[in-house]
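# A look at the structure
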Amino acid sequence: MIEPIGNQYVVARPVYSANAFGEEHKKKQRYHKTFLDHLKVCCSCSSQKAKKIALSLFPIASWLPAYQIKEWLLSDIVSGISTGLVAVLQGLAFALLVTVPPSYGLYAAFFPVLVYFFLGTSKHISVGPFPVLSMMVGAVVAKLSPSESTTTVEISNSSISNDSSTDEYKVMVAATVTVLSGIIQLLMGVLRFGFVVIYLSESLISGFTTAAAVHVLVSQLKFMLQLTVPAYSDPFSIFKVLNSVFTQLEKTNIADLVTSLIILLIVFVVKEMNQRYKAKLPVPIPIELIMTVIATGVSYGFDFKNRFDVAVVGEMNRGFHTPMAPDMQIFQETIGDSFSIAVVGFAVAFSVASVYSLKYDYPIDGNQELIALGLSNILSGSFKGFAGSTALSRSGVQESTGGKTQIAGILSASIVLMVILALGFLLEPLQKSVLAALALGNLKGMLMQFTEIRRLWRKDKYDCLIWIMTFIFAIVLGLGLGLAAGVAFQLLTIVFRTQFPKCSTLANVGRSNIYKNQKDYSDMYEPEGVKIFRCPAPIYFANIHFFKQKIIDAVGFNPLRILRKRNKALKKIRKLQKKGLLQMTPKGFICTSDGFKDSDDELDNNEIEELDQPINTTDLPFQIDWNADLPLNISVPKISLHSLILDFSAVSFLDISSMRGLKTILKEFIRINVDVYIAGSDDDFIEKLAQCEFFDDEVKDSIFFLTIHDAVLHILMKKDYNASKLNPTQEKEKKFDFTINTNGGLRNRECQVHGKVPSTEPSPALSFLTRKIRQVHLTR
């Protein structure tokens, strides 16, 4: 019963152990489905289920019939045209990151949109080339391509021929990696592995994308300066590229450098204006398109290619290439890199899609996104495109210009198609340095993520460390190995936090049923001889020894050492009593021989297992008080602790190894007459212990209590009863109502109830408490 009194409440209920609560409140019998049950549901078929599957595989069937033409069509047209123009330029620019001819970037910007239009669940993202993925594919291309041929191509100032054997091989590698990553994404989607993205935290993605932006920046220096830089793909490659650039600075093409710096400055300034005045601008200023038109016109009008020896895009073939089959040998060599590309591509796309789904309140399906992205990459790679995901800036353009659905996406693909079929020749005079500057201009948001370090340091130092280490790994080891190392380090921090949890000793605060860390508050009450220990993490094989040491630190002694000392002392007492040298009086022990000496060697030669056994004094004519003075030459550490409460409210599971260790710890305390209670544990937790045969004659299932306060009241009532020493003629019917004394201590009041006072045996006493305690007032 709960009675509210203003901003206070009074709770009246019995003191509950887990067993007593289970006896009074019977649990429902629930049927837990087995694997076969789930398999039957999965394999069952019905018209409704078939319709649901069809709609989930083809989301377009859900939203296209509900398309509002009058309200949405105009916005989608404006958004599609704007997004398409950006997609063309980004496709050309990001192709440089893959080290393939720029025209192949248009294929990567066109084919994924077609597939995502039918299969994607997000209404706002624009799929296609993404700089981080392009950089990762480019690293694989550089690793597998002949370095000599690469160098020859890079130093050439003429148009790059699509018929070149080196370019053909690079395109083959990029396309094969794209197809393989698409197959991996498709399999993950079919097998419902969309949850894999949860292992990539925001801190990890932020650190990784920032490192990728630095890689992109360094890789574009050779185009901005027009230098001959060999391709590196091994660890420390970024430093080798920088070394190659700095040693050739005197060979810089001034025209390319000046052009790229001017373009970069203008793009940065206008993008900042777009961001600052986005509420006032009807649409963002298409600065990439404007600068491309101007740069192409200037380069063509002043013949930059022949006058200043600049590198230009060159010949743009019209139309599409015939589909190609992937190279199986490359499959075998790039499986690891393809998996990283698949996971990163999905993580970025799903993260951006989640932002828009929350903003516009519609659902997205991670598994369906994997299927859509996988088929997009398979189709794109088959037509010699490269891996794509979604570029943040391009998706931002599609959403900010009024895009409502993927109709805007299909219209943007039509713009790319027009360039592929008819308008590509207009971009032939465009300098590569301009494309490099445009690629860097889209990295501003990623490079600004360095400010995350300060924010994360203030909020969570572990997340800050994940960001820094992922960034360092990706910079030093490369993007593929760096991502794997970052994920491993992130999981290691989780293991570290659970392996070394912040355990604490609790005490009563505010004279109520609230228990907090005794180091944090001044008005604390800790019952005499009682310790309350809290572990805020799962207990498993890696932290069971840490858990045991923390308990020893909390209570101030090692129970195993006390047990062994007492068993050694018991052997000496038995020897003295057997020789008639020891007498027991009401005032204590009296040793009749002051000269008795016992050999420690004799005691030390006994088996350790014997010293670890429970203390057995049934053969002695007296009981031993281990906290009293013992006979001469017998010394045992004295302890004031009689009860230990373990707060397991935050312990979610135990494994077999930790279960064995926990049982050992409990037995060590029980054998030195320290009662151990466990509070706040879940029912499933107790059931698992029972299934694993955790309980025996020493460790019983009666040690579990619903709350810490239940355990504390039980201890105080048990102590009060044992101290009463009532005889049968004085025995009265009683109950104990524990409240909070004004000086901060717990006290009890007596009132009459019907029942009998149980014996002093622990189990009947516990039974008495659970059956006869009728009312406990907790006031705060």
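Report on the accompanying structure. (Residues numbered from 1 in each chain as written. Predicted model: local features only at pLDDT ≥ 70, side-chain atom pairs only at ≥ 80, totals over all residues. Heavy atoms only, no water.)

## Details of the overall build of the protein
Secondary structure summary: the protein contains 32 helices and 16 strands in total. Buried residues in the protein amount to 49% of all 780 residues. Considering only contacts in the protein between residues 6 or more positions apart, those separated by 24 or more positions represent 80%. Carbon and sulfur atoms make up 59% of the accessible area of the protein, which amounts to about 38,500 Å² in all. (Helix = DSSP H or I, 4+ residues; strand = E, 2+ residues; numbered from the N terminus. Buried < 20%, exposed > 50% of the residue type's maximum accessible area, 1.4 Å probe, protein only. Contact = heavy atoms within 4.5 Å. Areas by Shrake-Rupley, 256 points an atom, 1.4 Å probe, with all protein chains shown as cover.)

## What to know about the environment of Pro323
The residue Pro323 is located in the loop between helix H14 (304–307) and helix H15 (328–333) in this model. In contact with Pro323, not counting residues within four places along its chain, are Ser382 and Phe383.

## Topic: the state of the cysteines
Under the defined criterion, the tally for this structure stands at 0 disulfides. Cysteine Cys535 is unpaired, with the sulfur of Cys503 as its nearest cysteine sulfur at 4.3 Å. (Disulfide = S-S within 2.5 Å.)

## Here we look at helix H23 (residues 461–477)
The α-helix advances 3.6 residues per turn, and as a result positions three or four apart in sequence lie on the same side. A rise of 1.5 Å per residue sets the reference length of H23, with its 17 residues, at 24 Å; its end C-alpha atoms lie 23 Å apart and thus fit the reference within 8%. Of the residues making up H23, those classed as buried are Cys464, Ile466, Trp467, Thr470, Phe471, Phe473, Ala474 and Ile475. For H23, the elements touching its buried residues are helix H10 (202–225), helix H11 (237–246), helix H22 (452–459) and helix H24 (479–499). (Expected span 1.5 Å × (residues − 1).)

## A look at a nonpolar patch on the surface
A surface patch of nonpolar side chains, amounting to about 940 Å² of accessible area, comprises Ile183, Leu187, Val190, Leu191, Phe193, Phe195, Ile198, Tyr199, Leu491 and Ile494. Those elements that place two or more of their residues in the nonpolar patch are helix H9 (165–190) and H24. At 3 residues, the largest contribution of residues to the nonpolar patch is made by H9. Along the polypeptide, Ile198 turns up in the loop between H9 and H10. Residue classification places Ile198 among the exposed residues on the basis of a relative accessible area of 60%. (Patch = residues over 30% accessible without salt bridge, like charges linked within 9 Å, V, L, I, M, F, W, Y side chains within 5 Å. Salt bridge = Lys/Arg side-chain N within 4 Å of Asp/Glu carboxyl O.)

## A closer look at the side chain of Ser219
Relative to the helices and strands, Ser219 resides in helix H10. Judged by relative accessible area, which is 16%, Ser219 ranks as buried. One polar contact links Ser219 to Gln220, side chain to side chain, over a distance of 3.4 Å. (Polar contact = N/O pair within 3.5 Å; in protein donor to acceptor, adjacent residues only side chain to side chain.)

## Overview of the pairing of strand S11 (residues 643–647)
Counted residue by residue, S11 has 5 buried out of 5 residues, so it is predominantly covered. Alternating positions in S11 separate into two faces, Ser643, Ile645 and Asp647 on one and Leu644 and Leu646 on the other, with burial throughout. Note that strand S8 (residues 530–534) and S11 share 5 bridges and pair parallel. Bridge pairing in S11 links Lys531 to Leu644. (Pairing = 2+ DSSP bridges.)

## Re the pairing of S8
The buried fraction of S8 is high, at 4 of 5 residues. Bridging between strand S5 (residues 504–509) and S8 involves 3 bridges; their strand directions are antiparallel. By the bridge assignment for S8, Ser504 is matched with Arg534.

## Examining helix H12 (residues 254–276)
In this model, H12 (23 residues) spans 33 Å end to end at C-alpha, consistent with the 33 Å of a helix rising 1.5 Å per residue. Residues of H12 that are buried: Ala255, Asp256, Thr259, Ser260, Ile263, Leu264, Val267, Val270 and Asn274. Of the surrounding elements, those touching the buried residues of H12 are H10, helix H13 (287–301), H14 and helix H20 (432–441). A side-chain oxygen of the first residue of H12 lies 3.1 Å from the backbone nitrogen of Ala255; this N-cap is Asn253.

## Description of the packing of aromatic side chains
For the structure shown, the criterion picks out 30 aromatic pairs. Ring geometry for Tyr104 against Tyr107: centres 5.8 Å apart, planes inclined by 85°, an arrangement best described as edge-to-face. Of this pair, Tyr104 and Tyr107 both sit in helix H6 (residues 103–119), 3 residues apart, roughly one helical turn. Taken individually, Tyr104 and Tyr107 each receive the classification buried, so the pair is uniform in this respect. Between Phe193 and Phe195, the ring centres sit 5.6 Å apart and the planes meet at 65°, which makes this aromatic pair edge-to-face. One aromatic cluster is present, formed by Tyr104, Tyr107, Phe110, Phe111, Phe320 and Phe383 through successive ring pairs. (Phe/Tyr/Trp six-rings, centres within 6.5 Å; stacked < 30°, edge-to-face > 60°.)

## Observations concerning the environment of Ile670
With respect to the helices and strands, the residue Ile670 is situated in helix H29 (residues 656–670). The class for Ile670 is partly exposed, based on a relative accessible area of 25%. Sequence separation of Ile670 and Leu563 is 107 residues, and the distance between their C-alpha atoms is 9.8 Å. Not counting the four nearest positions on each side in its chain, Ile670 is found in contact with Val676, Glu698 and Val699.

## Remarks on the packing of H10 against H11
Axis separation between H10 and H11 bottoms out at 10 Å; the angle between their running directions is 25°. When the interaxial angle is binned, H10 and H11 end up roughly parallel. H11 is crossed by H10, and the crossing has left-handed handedness. Along its contact with H10, which presents Val214, His215, Val218, Leu221 and Leu225, the element H11 presents Ile238, Val241, Leu242 and Val245. Its residues placed into classes, the contact of H10 with H11 shows 8 nonpolar, 1 polar and no charged. (Axes fitted to C-alpha atoms, helices over the stretch in contact; angles between N-to-C directions. Parallel < 35°, antiparallel > 145°, perpendicular 65-115°, else oblique. Left-handed = near helix turned anticlockwise from the far one by under 90°. Nonpolar A, V, L, I, M, F, W, Y, C, P; charged D, E, K, R; others polar.)

## Some words on the pattern of salt bridges
Applying the stated rule across the entire model yields 14 salt bridges. Among the salt bridges present, the one from Glu687 reaches Lys27, with a minimum N-O distance of 3.1 Å. Linking Glu687 in helix H30 (residues 683–691) with Lys27 in the loop between helix H1 (18–24) and helix H2 (35–43), this pair joins segments that are 660 residues apart in sequence. Its salt-bridge partner being Glu399, residue Lys359 comes within 2.9 Å of it at the nearest N-O pair. A residue pair is termed long-range when its members are at least 10 positions apart, and Lys359 in helix H16 (residues 335–360) and Glu399 in helix H18 (residues 392–400) qualify at 40 residues. Given the relative accessible area of 14%, Glu399 is considered buried. Among the ionic contacts, a cluster of salt bridges with common partners joins Lys27, Asp683 and Glu687.

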